[in-house]
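One letter stands for each residue in the lines below.
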Amino acid sequence: MKKLDHVGIAVKDLKEAISVFETILNTKVYKEEDVPEQQVKTVFLQAGESKIELLHALSDESAIAKFLNKKGEGIHHLAFEVDDIFAEIKRLQALGYELINSEPRKGADDKWIAFLHPKNTHGVLIEICQKIR
Ligand code: CMX
């Protein structure tokens with residue numbers, strides 16, 4: 001793993017959350033992007049070398065809507081950047097970790113992404129991501 005790329009935070013009121021995180025991080029949102037496949041709106045803010053990704057559900061079927069109903073607002077996932085997502089998926093599978101998607105899919109912010117199931121990772125949803133060059 002190269003570094004912590006971003007922390008995903010599930011929020012109910014996106015406008016209000018943007019205002020809070022822009023104030024705390026003393027920066028402006030640099031990207032807003034819908035991911036229709038995930039039924040989620042994503043909003044990114046730079047935090048030093050890492051980023052904060054605010055996640056807002058676009059429908060009740062979204063994983064974010066389900067998460068908010070069950071757990072409320074808060075940290076949804078940690079995302080680690082890798083050089084070769086295919087190699088990392090293979091490495092983690094060989095170690096017995098369950099990948100939610102074993103084929104990388106296109107995520108927000110120009111990245112290939114894959115998720116590890118939180119049941120094997122002490123309750124933390126982990127994403128691995130690779131920049132699309
Ligand atoms: N962090 C930690 N635990 C989580 C979680 C999260 N983000 N989301 C769900 N869980 C837990 C639930 O609490 C539940 O635990 P228990 O069995 O102990 O009650 C368990 O996982 C199953 O949860 P569920 O509500 O029944 O939901 P599903 O099994 O249908 O889905 C998950 C859970 C993680 C497989 C699904 O949310 C998923 O595929 N996530 C990956 C995709 C995603 O999150 N997309 C949104 C972000 C997209 C982006 O960043 O671009």
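Cut-off values and rules
- Residues numbered from 1 in each chain as written.
- Predicted model: local features only at pLDDT ≥ 70, side-chain atom pairs only at ≥ 80, totals over all residues.
- Heavy atoms only, no water.
- Core = buried A, V, L, I, M, F, W, Y, C linked by side-chain atoms within 4.5 Å.
- Buried < 20%, exposed > 50% of the residue type's maximum accessible area, 1.4 Å probe, protein only.
- Helix = DSSP H or I, 4+ residues; strand = E, 2+ residues; numbered from the N terminus.
- Contact = heavy atoms within 4.5 Å.
- UniProt positions renumbered as here; feature names shortened; annotations may be inferred.
- Near = heavy atom within 4 Å.
- Polar contact = N/O pair within 3.5 Å; in protein donor to acceptor, adjacent residues only side chain to side chain.
- Areas by Shrake-Rupley, 256 points an atom, 1.4 Å probe, with all protein chains shown as cover.
- Nonpolar A, V, L, I, M, F, W, Y, C, P; charged D, E, K, R; others polar.
- Salt bridge = Lys/Arg side-chain N within 4 Å of Asp/Glu carboxyl O.
- Arc of directions from axis to C-beta.

(A) Region of interest: the nonpolar core. Counting residues in hydrophobic clusters, the biggest one holds ten residues: Val-7, Ile-9, Val-11, Leu-14, Ala-17, Ile-18, Val-43, Leu-45, Ile-52 and Leu-54. Looking at this core, the elements that each hand over two or more residues are strand E1 (3-10), helix H1 (14-25), strand E3 (40-47) and strand E4 (50-57). The element that contributes the greatest number of residues to this core is H1, accounting for three residues. The residues touching Val-7, leaving out its near neighbours within four places in the chain, are Lys-51, Ile-52, Glu-53, Ile-75, His-77 and Leu-78.

(B) Spotlight on the UniProt feature "domain: VOC" (unreviewed entry) in the protein chain. What UniProt calls "domain: VOC" (unreviewed entry) maps, in this numbering, to residues 3-131. In residues 3-131, helix accounts for 24% and strand for 40%; the two terminal C-alpha atoms are 12 Å from one another.

(C) Main features of the site of the ligand. Near the ligand you find 19 residues, and of these Gln-38, Lys-66, Lys-71, His-76 and Gly-123 are the closest. Residue Gln-38 places a side-chain N or O atom 2.6 Å away from a nitrogen atom belonging to the ligand. Here His-76 contributes a backbone N or O atom positioned 2.9 Å from a nitrogen atom of the ligand. Within the complex, 70% of the 960 Å² of free accessible area of the ligand lies under protein. For the shell around the ligand, the secondary structure elements donating two or more residues are E4, helix H2 (63-71) and strand E5 (74-81). Top contributing element to the shell around the ligand by residue count: H2, with six residues. Looking at side-chain class alone, the shell around the ligand contains eight nonpolar, five polar and six charged residues.

(D) Fine view of the pattern of salt bridges. Scanning all chains against the criterion turns up 14 salt bridges. Note that Lys-31 and Asp-109 form a salt bridge whose closest N and O atoms lie 3.1 Å from each other. Linking Lys-31 in strand E2 (residues 31-35) with Asp-109 in the loop between strand E6 (105-107) and strand E7 (111-116), this pair joins segments that are 78 residues apart in sequence. Glu-37 is paired through a salt bridge with Arg-105; the nearest N and O atoms lie 4.0 Å apart. Taken together, the residues Glu-37 in the loop between E2 and E3 and Arg-105 in strand E6 connect sequence positions 68 residues apart. What you see here is one network of salt bridges that share partners, running through Asp-5, Lys-31, Lys-51, Asp-109, Asp-110 and Lys-111.

(E) Examining H2 more closely. Buried within H2 are the following residues: Ile-64, Ala-65, Phe-67 and Leu-68. The buried residues of H2 occupy an angular sector of 160° when projected down its axis, which confines them to one face. Along H2, the residues that are exposed and aim more than 90 degrees away from the buried face are Lys-66, Asn-69 and Lys-70. On its buried face, H2 is in contact with E1, E3, E4 and E5. Capping the start of H2 is the job of one residue whose side-chain oxygen sits 3.0 Å from the backbone nitrogen of Ile-64: Ser-62. Just downstream of H2, Gly-72 is the residue with a positive phi angle, here 85°.

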